[in-house]
Each structure stands twice: as C-alpha cells, then as structure tokens.
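# Observations on the model geometry
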Amino acid sequence: MTSESPWSQLGLSPQILELIEKAGYKQPTSVQSQAIPLVREGFDVLVSSQTGSGKTASFVIPTVERFQGKNGTYILALSPTREIAQQTGAVFETFGAPLGLRTVVCIGGASIPVEKEALASSPHIIVATPGRLCDHLERGNVWLDFIQCLIFDEADRMLDMGFAKQIDIITEQIPKERQTLMFSATFAPKVEKLARSVMRDPKEVTIEKTVESAPKIDQRLYWLDEGKKMSALMRLAREETGTIIIFAKSKERVFQVWRALHDKADDVIYIHSDLAQEQREAAIAEFKSGRYRILVATDVMGRGIDVDDVAHVLNYDVPREAEDYIHRIGRTGRRGKTGMATTFAIPGKDDAGIRAIEKIRGITNERSEEARKNDQRPQRNNRPNERRPDADHQQRHRGPRPARERLETPKTVAPNPVMSPPADILVEKQSGIGFLDWFKKIFS
Ligand code: ADP
Ligand code: MG
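Reading the values: rules and limits
- Residues numbered from 1 in each chain as written.
- Chains lettered and ligands numbered in written order.
- Predicted model: local features only at pLDDT ≥ 70, side-chain atom pairs only at ≥ 80, totals over all residues.
- Heavy atoms only, no water.
- Helix = DSSP H or I, 4+ residues; strand = E, 2+ residues; numbered from the N terminus.
- Buried < 20%, exposed > 50% of the residue type's maximum accessible area, 1.4 Å probe, protein only.
- Contact = heavy atoms within 4.5 Å.
- Near = heavy atom within 4 Å.
- Polar contact = N/O pair within 3.5 Å; in protein donor to acceptor, adjacent residues only side chain to side chain.
- Areas by Shrake-Rupley, 256 points an atom, 1.4 Å probe, with all protein chains shown as cover.
- Nonpolar A, V, L, I, M, F, W, Y, C, P; charged D, E, K, R; others polar.
- Axes fitted to C-alpha atoms, helices over the stretch in contact; angles between N-to-C directions.
- Parallel < 35°, antiparallel > 145°, perpendicular 65-115°, else oblique.
- Left-handed = near helix turned anticlockwise from the far one by under 90°.
- Pairing = 2+ DSSP bridges.
- Arc of directions from axis to C-beta.

## Overview of the overall build of the protein chain
Within the protein chain one finds 18 helices and 14 strands. Relative to its full complement of 444 residues, the protein chain shows a buried share of 54%. Across the protein chain, the fraction of contacts at a sequence separation of at least 24, relative to all contacts at a separation of at least 6, is 75%.

Here it is in structure tokens:
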C-alpha cells in the first residue's frame, strides 16, 4: 500500500494497512473514511449507511487495532441473524487473528456446550445474536464486565426482529464506561431511541445514498390472485436464466415454493430458520458457488446474504414490513450491475403493504395516483390490437400497460431505490383474470 493510498491517511498502523491490502480493499468506502478516525479516537459513533457500503470493516478495523496486545474479552458485537454474525466473525478473524485476537461467534442453532467452552477460553472478541447471548448469560456461561467496546450492527434490523428486550438485558450487564458503536442502514425512530438510551454524545456519520453507489434495480409490481402466483412463478423461473432469490412470507410457503420448482428443476434450494445451521450454510455456499441457481428464503435470511450477481429477486409474497422490501431487493443490482425485482401482490389483500412500500420508497400517494393516471394515458387506446376483450373492465381497474410497449421499453434504472420517481415502479393493477395472458405476452 503506497503512502498516497487514502487508507494511509486514517492513522492506522502499518500492520493493519498490510492486512487491508491483503484483504483487497483498495480504497476505503465513504463510511470507512468517516467512521474509522472517530472510532479510533474513542468516541461513541452512530453510523447510518446503506447495505453493502462496508460498515463491518469500519468497526472491525479500528477496534482490533485498539485492543491489539491486550488480554481479556473487550469487544462485543451484536448481530441480528446467524448469517450476519458469522460474516462479522469472519471479518474479525481476517483482521484480528493476525494481531493475536481470538473471536468467538455465538448464534442460535449452534451447540450451547461448544460455545460455552469457547466463551470460557476468554476470547478477545464475542460476536453474538442477542437471543443466544442472553441464553449464555442466563446459564452463567459468560460475564460481560470486561467489555469496553459494545457494537450494535444492523441495529434497525435487530429492533425489527424484536430484540429490544434482549438488548436491554445485555446492555445492563456491560460497564457504563465503554465505547458504544451503532451501525444501521436507516435512522429509523426506534434506532434513534435505542441510541439515546445506550450511547453518550455519539458522533453521527450519515452517508447519503449516491447515484453511483445506489443499486440499479428495475422494479416491477404485478397484481394477481393467490391462485395465479404459482404458474406465474413457474414462467418467471423458466424465462429468467440468471440467478434468482425468491422470498416468501413463512417457512411453509418457502417449502411449498421450493417443492413446486423442484419438481421441474434440480437447481433450486431453500433456507429458513428451521434448518440446522450447517444446512443453511451449505445451502448458501452452494447457491454462491453456482451449484444452485434459485434460492427460496424467508425474510430472516434476506439480509446479510452477500451473494454477488443475483439477477432477479422475486417477492412471491409482499413482505410484512415495508423495510424488508428494501432489504430483499438489495440482493440484486449490487456492485454496479443492473438487477431485477418482481413483486407479486394480491388485489385487496396487499394494497396496504404496497402503499407502505411506495411510501418508504419516497413515493407519496398523490404521486402514485399521478403515475396511475399516466399509465392510462390516451395513447394506449390508439393501439387497437392490444386492446383485449376485457379491456373496459381492466381500464376501470387500471389495466395493464400493453405488453409490446413493456418489451420495447429499455430497463428503467432507478437511481435510488428509496427516492426514485414513481415511473420506474411499473405498477400493474389487474383483476385476476387475464394476468397470465399478459404474462405470456411479456415472457413468450
Ligand atoms: P454493510 O454492512 O454496510 O452492508 P459489508 O460490511 O457487509 O456492508 O460490506 C459489503 C461488501 O463489501 C463485503 O463483501 C466486503 O468484503 C466488501 N468491502 C468492504 N469494504 C471494502 C473496501 N474498502 N473495498 C472493497 N470491498 C470492500
Ligand atoms: Mg452490515
């Protein structure tokens, strides 16, 4: 790493700089440039920056440097899911192990006695999900009196997942004299509330999404009845030749979708929280390796699966929480590529869910209404061939955009998935009947 490298301007030790170079991180990301110096100075730091912006290294690098050469358990990082905890543990290994720091990861689904023994060996760093850590606290397997640096990673997600109580229990057992770092994709009010209660005068780092770094995702919304979802899915799976992640709302639905696809193809795999940890890891690894092309998952799995090159995210069910929509579709359009996200919504049933998604994407109801009106612009009536027998009925229900027009339209690129203009969300309202017709037109 040359002295001109921006990394060398963050005040890090030569040894750390070498490890960074080895990891292949050529330039610090914005969040890393801004957060690392503050963390090094010992401030409490509250960071909001989008998924995929490199938040993990921005707390791992300065904290391992700070505790290098000290014996005792000083760092505790809390993660919302097992997968994220493991990925974070791996980053701590990358930068901590060469400095002599040992990391233990405690997650649901792994063996309690094995973790107990690992905790008893006083590792320097503990990475844990809040639920599992509380288990260990209750059993007296771990004490947190020595922790000097407490890290909340993906704080918004942890709160969404209902870990507030466990977080309270854990935080109470950690000395007040400590450094607290909090990382989140969004500054949701509940994140700010937690920050107020556990942090002291935090320095805030907010990285606004930029056009360059925002994923480019072509988002489509199809209205259809429940009974039509499966055949629409089959067609999509056939026509999309790239990798697909399909999100469904429950374990049962995941299994149902997997079974249906599996009957037709052997490149489909699923993960949900009932699977043993090893099975889940194996599934993700095999999906990443390309052995499987289609992954069916619940929301719990949605965040933190850092899989490159997912061509298409399908929301087989509208997510329960609008924020999950953003996390789900964040699996595609990564690293400057254009991705595709399709959502199946049931008229009547999912209206509120879709409104919530539109809202979180910065689309007001008025603007959506405007978009809807635009969708019915009169030119469409000048295409007699594309009028279907039930066109009048559809017109009343905001009928579909003519298929030919859809095919010829270049992929709409949303410069920013949250604030993008309504035109790029191709909202199609459709009575159940006729959907497949239209679908065929698009894909055949
Ligand atoms: P976040 O927590 O903000 O969602 P991660 O910390 O998981 O993001 O990082 C996303 C990906 O970017 C990871 O694969 C990580 O290895 C990679 N990464 C992080 N920092 C850099 C960097 N400075 N240069 C290149 N890649 C990086
Ligand atoms: Mg992260």
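Anyway, onward from the coordinates.
## Digging into the site of ligand 1
Surveying the vicinity of ligand 1 reveals 16 residues, the closest of which are Q27, Q32, G52, K55 and T56. One of the backbone nitrogen or oxygen atoms of G52 is found 2.5 Å away from an oxygen atom of ligand 1. Here an oxygen atom of ligand 1 and a backbone polar atom of S53 are 3.1 Å apart. Protein contact buries 75% of the 570 Å² of open area that ligand 1 shows by itself. Here the residues of the shell around ligand 1 sort into 3 nonpolar, 9 polar and 4 charged.

## Section: the packing of helix α2 (residues 30-40) against helix α3 (residues 55-67)
To characterise two packed helices, one gives the angle between the axes of the helices and the distance between these axes. Two elements in contact, α2 and α3, have axes whose closest approach is 9 Å; the angle formed by their N-to-C orientations is 30 degrees. When the interaxial angle is binned, α2 and α3 end up roughly parallel. Relative to α3, the crossing made by α2 is right-handed. Between α2, through V31, Q32, A35, I36, V39 and R40, and α3, the contact on the second element is made entirely by K55, A57, S58, I61, P62, T63 and E65.

## Points about the sheet that holds strand β3 (residues 103-106)
Sheet strands associate in pairs through backbone hydrogen bonding, adopting either a parallel or an antiparallel arrangement. Spatial strand order, β3-β4-β2-β5-β6-β1-β7: 7 strands in an open sheet with parallel pairing. Since the sheet does not close on itself, it has two edges, and those belong to β3 and β7 (203-206), each with one partner. Between one strand axis and the next, the sheet turns through 15 degrees on average, direction left out of account. Across 4 bridges, strand β2 (residues 75-78) lies against strand β5 (residues 149-152) in parallel orientation. Bridged to I75 within β5 is C149.

## Description of helix α1 (residues 14-23)
Those residues of α1 that fall on the buried side of the exposure criterion are I16, L17, L19 and I20. Down the axis of α1, the sector holding all buried residues measures 160 degrees, keeping them to one side. Residues of α1 that are exposed and angled more than 90 degrees away from the buried face: P14, E18 and K22. Remark: G24 follows α1 within two positions and exhibits a positive phi of approximately 85 degrees.

Fair warning: the whole summary comes from geometry, so function is off the table for now.
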